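Residue-level structural notes
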Amino acid sequence: MSFVTVRNVWQAYGNRSIIERVNLDVDEGEFVSIVGASGCGKSTFLRLLLAQERPTRGSICIDGGAPAVEPNLERGVVFQKYSVFPHLSVRENLIAGEGFKTRSGYLFGKARRAAIERADEMLQRIGLNHVADQYPASLSGGMQQRLAIGQAMAAKPRVLLLDEPFGALDPGTRLQMHDFLMELRDETNMTVFMVTHDLDEGFKLGERVLVFDKPRWDPHDPGAYGATITYDFDARNGGIPFQNILEKYPKLAVA
Amino acid sequence: MRLINHVPSRPNSVFLAALPFVLVLIVYSIASDLRLTENPQDKLLPALSTIWETATRLFTEPDRRSGDILLWLDTGASLRRLMLGVGISAIISLILGMAIGLLPFARSGFASFVAVLSMVPPLALLPILFIVFGLGEVSKVVLIVIGITPFMTRDLSQRVLDIPAEQLIKAQTIGASSWVIALRVALPQILPRLIANIRLSLGSAWLFLIAAEAVASDVGLGYRIFLVRRYLAMDVILTYVVWITLLAFVVDWALKTLSRKAFPWMEARL
């Protein structure tokens, strides 16, 4: 049984189909990039994974559990923007990652001190300890996204969903963020889904690259058919699979 | 250089800010002087010195019959009604606004009701309030509440709806319940808006207060103005008007300062 199981998922708004017949199995710890043209349903698919919307047909399960009806602790998310709380300082944003779970939304006493300690560790890790007491609005775009990722990680989700997380950043910052994300992933071995416009980014970060596209097209009714996964690339080893197959299996070499 | 790019220097901007006030005073004294030279008994535009004397008398000398200084009595009564009315409105609109903004069920149930309610002209309800609540304090406070709550509720619920959906989803993914989202995501972000709302509503609140006091009361700033109108006592009326303006200004300034001090993250946004 795979970790994330997507079975025959359809999503339609009215009679406009967005995605159809999506089947997917993802193992724990895999990094999946999702690419495709604008309006091909990749963000819709991410919303379905997030349980922000429920599919018209089919089901999405994590670790064999029941399909979720609303966003919950199992799923962490980072959007392109607005992912952090503007009224909380950087440190409070990270503490919120733990504190919002409680009944009152606040942590007290020992629990709070422990959360502050962990928040400071996270600040160190995401390189924001020098701005711990500032508000998100005074941070640069890259710092805000690092904070958003750190906050999502602080809640310890089982699946991390990234919706074009680096889309609004300049190319230099984007490269830094790639390194940052890879480091963080190596440490935690979390299952990640990332929607991106950038093919290079998708192949660089992902172990698998899913391409969404419409295989069927009715010119008289463009909304009739939805998009589905048309390619499922193995993106390890720079996106060229089997290049080390001879090293692994020398017997295959023809003498 | 274009006009839109001309910026006054610091002393200049202070001068420009003071200019309209000075001009009004000058125009008033000239007009009053003209009338008074023609007829020293004129009551319509009393001289500034007369107003000053009246003001000093009103603020310091107790009433001969009751022994109280009436102006302070009026101020106390009016401010109490105003604060009560505005306070109750703020609490009701905050709760309703949050509910309408966050809960789809409350939105379906209340949103159009509040929208229609805000179209009812509050002063037209004043007779009903007097009939139902009597001529005492309650009817005046209720008039203020009815007058400003619907508008504040509509604005606050809209502000809650304006909070990016991403934030609400993010909060859910870190485990927040509806209650925690209301308390820790929505509430802190609309409190500054509530204060801005109170500042905007205070103008209407004063209007409703003075209207209610003018119609039926035995103490209050609005009552006194309409009482002395019978004797054409312009000096008293003007003193009261300036005093009310000053009170309104101070309350507004205090709220502005409070908002700046209490919500430092709003500043960071700029």
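Computed from a predicted structure; not experimentally measured.

Another point: the interface of chain A and chain B. Between chain A and chain B, the residue contacts involve 36 residues of the former and 23 residues of the latter. Three residues, Tyr82(A), His87(A) and Phe100(A), lead the burial of chain A against chain B; their summed loss comes to 27% of the area buried on that side. Where chain A meets chain B, there are 0 salt bridges. Across the chain A-chain B interface, the total number found is 5 residue pairs in polar contact (both at pLDDT 80 or more). For the side of chain A that touches chain B, the elements supplying multiple residues, two or more each, are strand E5 (75-78), helix H2 (90-99) and helix H4 (141-154) of chain A. Broken down by element, the residue count for the side of chain A that touches chain B peaks at 4 residues, all from E5(A). The class makeup of the residues in the side of chain A that touches chain B is 19 nonpolar, 11 polar and 6 charged.

Residue and element names in this part refer to chain A. Within the secondary structure layout, Glu117 lies in helix H3 (residues 109-125). Owing to a relative accessible area of 56%, Glu117 belongs among the exposed residues under this scheme. Taking the C-alpha atoms as reference, Glu117 lies 21 Å from Arg185; in sequence the two are 68 residues apart.

Below, the discussion takes up the side chain of Ser157(B). Examined against the element boundaries, Ser157(B) turns out to sit in helix H6 (residues 137-162). According to the relative accessible area criterion, Ser157(B) is buried, its value standing at 9%.

Positive phi values are uncommon outside glycine, yet Asp63(A) reaches one of about 55°. Backbone geometry at Leu232(B) places phi at a positive 55°, although glycine is not the residue there. Within the secondary structure layout, Leu232(B) lies in the loop between helix H9 (221-228) and helix H10 (234-262).

Residue and element names in this part refer to chain A. Taking strand neighbours across the sheet as the criterion, the 3 strands line up as E2-E1-E4 in an open arrangement whose pairing is antiparallel. The strands lining the two open edges of the sheet, one partner per strand, are strand E2 (16-26) and strand E4 (57-62). Going from strand to strand, the sheet's axes swing by 20° on average, the running direction of each strand aside. Sheet analysis places strand E1 (residues 4-13) next to E4, joined by 5 bridges and oriented antiparallel. Residue pairing in the sheet places Arg7 in a bridge with Ser59 of E4. Taken strand by strand, helix H1 (residues 42-50) contacts E1, E2 and E4, and its axis lies near 120° from that of E1.

Residues and elements named next belong to chain B. Leu82, Val86, Ile144, Ile198 and Trp206 are the most contacted members of the largest nonpolar core, which totals 45 residues. Among the secondary structure elements, those contributing two or more residues to this core are helix H3 (70-102), helix H5 (122-133), H6, helix H8 (178-215), H9 and H10. For this core, the element with the most residues is H8, which contributes 13 residues. Beyond its immediate sequence surroundings of up to four residues, Ile144 is in contact with Arg81, Leu82, Gly85, Val86, Ser89, Ala205, Phe208 and Leu209.

Residue and element names in this part refer to chain B. At a minimum axis distance of 9 Å, the contact between helix H4 (residues 104-117) and H6 shows a crossing angle of 140°. Classified by the interaxial angle, the pair formed by H4 and H6 is oblique. By crossing handedness, the relation of H4 to H6 is classed as left-handed. Residue-level inspection shows Arg107, Val114, Ala115 and Leu117 of H4 in contact with H6, the latter providing Pro150, Thr153, Arg154 and Leu161.

All names here are of chain B. Summarising burial for H9: 7 of the 8 residues are buried, a large majority. All buried positions along H9 are accounted for by Leu221, Gly222, Tyr223, Arg224, Ile225, Leu227 and Val228. Looking at the buried residues of H9, the elements they touch are H3, H8 and H10.

The next subject is the pattern of salt bridges. Taken as a whole, this structure holds 23 salt bridges over all chains when the rule is applied. Where Asp198(A) meets Arg174(A), a salt bridge forms, and the shortest distance between an N and an O atom there is 3.3 Å. Taken together, the positions of Asp198(A) in the loop between strand E7 (191-195) and helix H6 (199-205) and Arg174(A) in helix H5 (residues 171-188) put the pair 24 residues apart, joining distant regions of the chain. Since its relative accessible area comes to 24%, Asp198(A) is described here as partly exposed. For Asp42(B), the salt bridge identified is with Arg35(B), shortest N-O distance 3.1 Å. Of the residues examined, Asp42(B) reaches a relative accessible area of 13% and is grouped as buried. The structure contains a network of salt bridges with shared partners spanning Arg80(B), Arg81(B), Glu137(B) and Glu213(B).

We now examine the pairing of E1(A). One ladder, built from 7 bridges, connects E1(A) with E2(A); its direction is antiparallel. Counted as the bridge partner of Val4(A) is Val26(A) from E2(A).

Throughout the structure, instances matching the rule amount to 8 aromatic pairs over all chains. Between Phe45(A) and Phe212(A), the ring centres sit 5.2 Å apart and the planes meet at 40°, which makes this aromatic pair tilted. Of this pair, Phe45(A) sits in helix H1 while Phe212(A) sits in strand E8 (residues 208-213), placing them 167 residues apart in sequence. The burial state of Phe45(A) is the same as that of Phe212(A); both residues are buried. On the numbers, 5.4 Å between centres and 35° between planes, the contact of Phe85(A) with Phe100(A) is tilted. Here Phe85(A) is found in the loop between E5 and H2, whereas its partner Phe100(A) is found in the loop between H2 and H3, with 15 residues between them in sequence. What makes Phe100(A) buried here is its relative accessible area of 0%. Cluster of aromatic residues (ring-pair linked, three or more members): Phe203(A), Tyr231(A) and Phe233(A). For the cation-ring pair, Arg184(B) lies above Tyr106(A), with the distance from its terminal atom to the ring centre recorded as 4.2 Å.

Criteria and cut-off values
- Residues numbered from 1 in each chain as written.
- Chains lettered and ligands numbered in written order.
- Predicted model: local features only at pLDDT ≥ 70, side-chain atom pairs only at ≥ 80, totals over all residues.
- Heavy atoms only, no water.
- Contact = heavy atoms within 4.5 Å.
- Buried area = accessible area lost by both parts, 1.4 Å probe.
- Salt bridge = Lys/Arg side-chain N within 4 Å of Asp/Glu carboxyl O.
- Polar contact = N/O pair within 3.5 Å; in protein donor to acceptor, adjacent residues only side chain to side chain.
- Helix = DSSP H or I, 4+ residues; strand = E, 2+ residues; numbered from the N terminus.
- Nonpolar A, V, L, I, M, F, W, Y, C, P; charged D, E, K, R; others polar.
- Buried < 20%, exposed > 50% of the residue type's maximum accessible area, 1.4 Å probe, protein only.
- Pairing = 2+ DSSP bridges.
- Axes fitted to C-alpha atoms, helices over the stretch in contact; angles between N-to-C directions.
- Core = buried A, V, L, I, M, F, W, Y, C linked by side-chain atoms within 4.5 Å.
- Parallel < 35°, antiparallel > 145°, perpendicular 65-115°, else oblique.
- Left-handed = near helix turned anticlockwise from the far one by under 90°.
- Phe/Tyr/Trp six-rings, centres within 6.5 Å; stacked < 30°, edge-to-face > 60°.
- Lys NZ or Arg CZ within 6 Å of the ring centre and 35° of its normal.

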